[in-house]
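A look at the structure
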Number of protein chains: 2
Amino acid sequence: MSRADLSSSACTVARAVAAVGDEWTLLILREMFLGSRRFDDFLRQTGMSSHLLSQRLKKLVALGVVRRSVYSDRPLRHEYILTEMGKDLWPIIVAMKQWGDRWLLDGVPPVQIVHKSCECVTHPQMTCSECGEPMQARDARARLTRGFSAVRGGTADRA
Amino acid sequence: MSRADLSSSACTVARAVAAVGDEWTLLILREMFLGSRRFDDFLRQTGMSSHLLSQRLKKLVALGVVRRSVYSDRPLRHEYILTEMGKDLWPIIVAMKQWGDRWLLDGVPPVQIVHKSCECVTHPQMTCSECGEPMQARDARARLTRGFSAVRGGTADRA
DNA sequence: TGATGTAGCTTCAATTTCGGAAGCAAGTCA
DNA sequence: TGACTTGCTTCCGAAATTGAAGCTACATCA
């Protein structure tokens, strides 16, 4: 299977991966959440090639994650802004930051997240929508729909 | 800059991306959280080539995300198990699933997450560690350390 | 009136990575 | 004995990526 086929997978993780799960796209998103909007800012801050950046931005626009918007008429200039769909990717980037901060860093994280409403430096965590308790892998069990289970062939559920 | 250089970035998101932010690695992790442990299960469920799977597993073991463990002596057989570091990646995969369920799917998500302690089907969400409120992109502000801000060159913080 | 600069790309050649198929080693099973 | 299984490795053509250079439309400076 090639990567292009992932987007038609039944699994929504696979679809999300196909959409935004590559190295450079994730870095572009990080930049957007830090406030960058312009082609050259993305170039500078990510270090990627302009060719790839151009491709990735087009893909993100096509997906509806990012919107291309005019900020100057003369000369004509555009910037890239996250849509609702794009802003909703925040937990993914934050989850990566938290993991990176914890496991790949000695010392002080380069970025802190401040919760606007309580003004605290926060360490966002996954919690159960029903009982509100923090959740980790060990607290969860996956339940597959019958159809999805059939697609997977019944193997590999010895969790 | 090439992708290999990301792991030495000051930004911990970039480091996390370098470690686990590629398509196939994310799918392997998804499989692990669904309970797969064996080479052939990963092959079957992800559809990737064995060449790549082999490479990725080695990388994950080298990083300490996954542990290679003997489950049969004769014949000698191994399985791949998430370490603590690996289990801690759960929020990333869950965040991707939530986003995929919401934005890339019509209908019923193929996998539900059950919170063991309350037995509810849950939709894990990011919450503030300090006040416990659910958080989204709009509720957060990034605060950069002085050093990191200097590295970035001061540009692009018009958020 | 040029000369230089900037934002936002596109094009191109060289290199790297990937995909798919085949092979292989060490066993088991019949 | 011969087929099958698991868990890989090797190989090669195809596709993606990198880095540099170029290009367009304007602005600004002299």
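Here's what I pulled together on the structure shown here. (Residues numbered from 1 in each chain as written. Chains lettered and ligands numbered in written order. Predicted model: local features only at pLDDT ≥ 70, side-chain atom pairs only at ≥ 80, totals over all residues. Heavy atoms only, no water.)

1. A few points about helix H4 (residues 50-63) of chain A
Residues and elements named next belong to chain A. With 14 residues, H4 extends 20 Å from end C-alpha to end C-alpha; this agrees with the ideal 20 Å at 1.5 Å per step. Every buried residue belonging to H4 is among Leu53, Arg56, Leu57 and Leu60, and all of these are buried. The buried residues of H4 occupy an angular sector of 100 degrees when projected down its axis, which confines them to one face. Structural note: H4 exposes His51, Lys58 and Ala62 on the side pointing more than 90 degrees away from its buried face. A positive backbone phi angle near 95 degrees is found at glycine 64, which sits one or two residues after H4. (Helix = DSSP H or I, 4+ residues; strand = E, 2+ residues; numbered from the N terminus. Expected span 1.5 Å × (residues − 1). Buried < 20%, exposed > 50% of the residue type's maximum accessible area, 1.4 Å probe, protein only. Arc of directions from axis to C-beta.)

2. Some points on the packing of aromatic side chains
Per the stated rule, a full pass over the model turns up zero aromatic pairs over all chains. Between arginine 38 of chain A and the ring centre of tyrosine 71 of chain A, over which it is positioned, the NZ or CZ distance is 4.0 Å. (Phe/Tyr/Trp six-rings, centres within 6.5 Å; stacked < 30°, edge-to-face > 60°. Lys NZ or Arg CZ within 6 Å of the ring centre and 35° of its normal.)

3. Side note on the environment of serine 129 of chain B
Within the secondary structure layout, serine 129 of chain B lies in the loop between strand E5 (125-127) and strand E6 (140-144). With sequence-adjacent residues up to four places away left out, serine 129 of chain B is seen in contact with Thr122, His123 and Gln125 of chain A. Here histidine 123 of chain A takes part through its backbone nitrogen, which lies 2.8 Å from a polar atom of the side chain of serine 129 of chain B. One polar contact links serine 129 of chain B to glutamate 130 of chain B, side chain to side chain, over a distance of 2.8 Å. (Contact = heavy atoms within 4.5 Å. Polar contact = N/O pair within 3.5 Å; in protein donor to acceptor, adjacent residues only side chain to side chain.)

4. A short note on the protein's contact with DNA strand C
What surrounds DNA strand C is a group of 24 residues, the closest being Met1, Ser50, Ser54, Arg68 and Tyr80 of chain A. When atoms of DNA strand C within 4 Å of the protein are split into backbone and base, the sugar-phosphate part holds 70%. Note that a phosphate oxygen of DNA strand C is positioned 2.4 Å from one of the side-chain N or O atoms of serine 54 of chain A. Within the side chain of arginine 68 of chain A, a nitrogen or oxygen atom sits 2.8 Å from a phosphate oxygen of DNA strand C. Mapped by element, the contributors of at least two residues to the surface near DNA strand C are helix H3 (39-46), H4, strand E1 (66-72) and strand E2 (77-82) of chain A together with helix H4 (50-63) of chain B. It is H4 of chain B that provides the largest number of residues to the surface near DNA strand C, a total of five residues. When grouped by side-chain class, the residues that make up the surface near DNA strand C number seven nonpolar, nine polar and eight charged. (Near = heavy atom within 4 Å. Nonpolar A, V, L, I, M, F, W, Y, C, P; charged D, E, K, R; others polar.)

5. A few points about the relation of the copies chain A and chain B
It takes a turn of 180 degrees to lay chain A on chain B, together with a shift of 0.0 Å along the axis; the resulting RMSD is 0.0 Å. What the rotation and shift describe, once combined, is the action of a two-fold rotation axis. A share of 100% of the interface residues of chain A reappears at the interface of chain B, consistent with the copies meeting face to face through the same patch. (Least-squares fit on C-alpha atoms with pLDDT ≥ 70 in both.)

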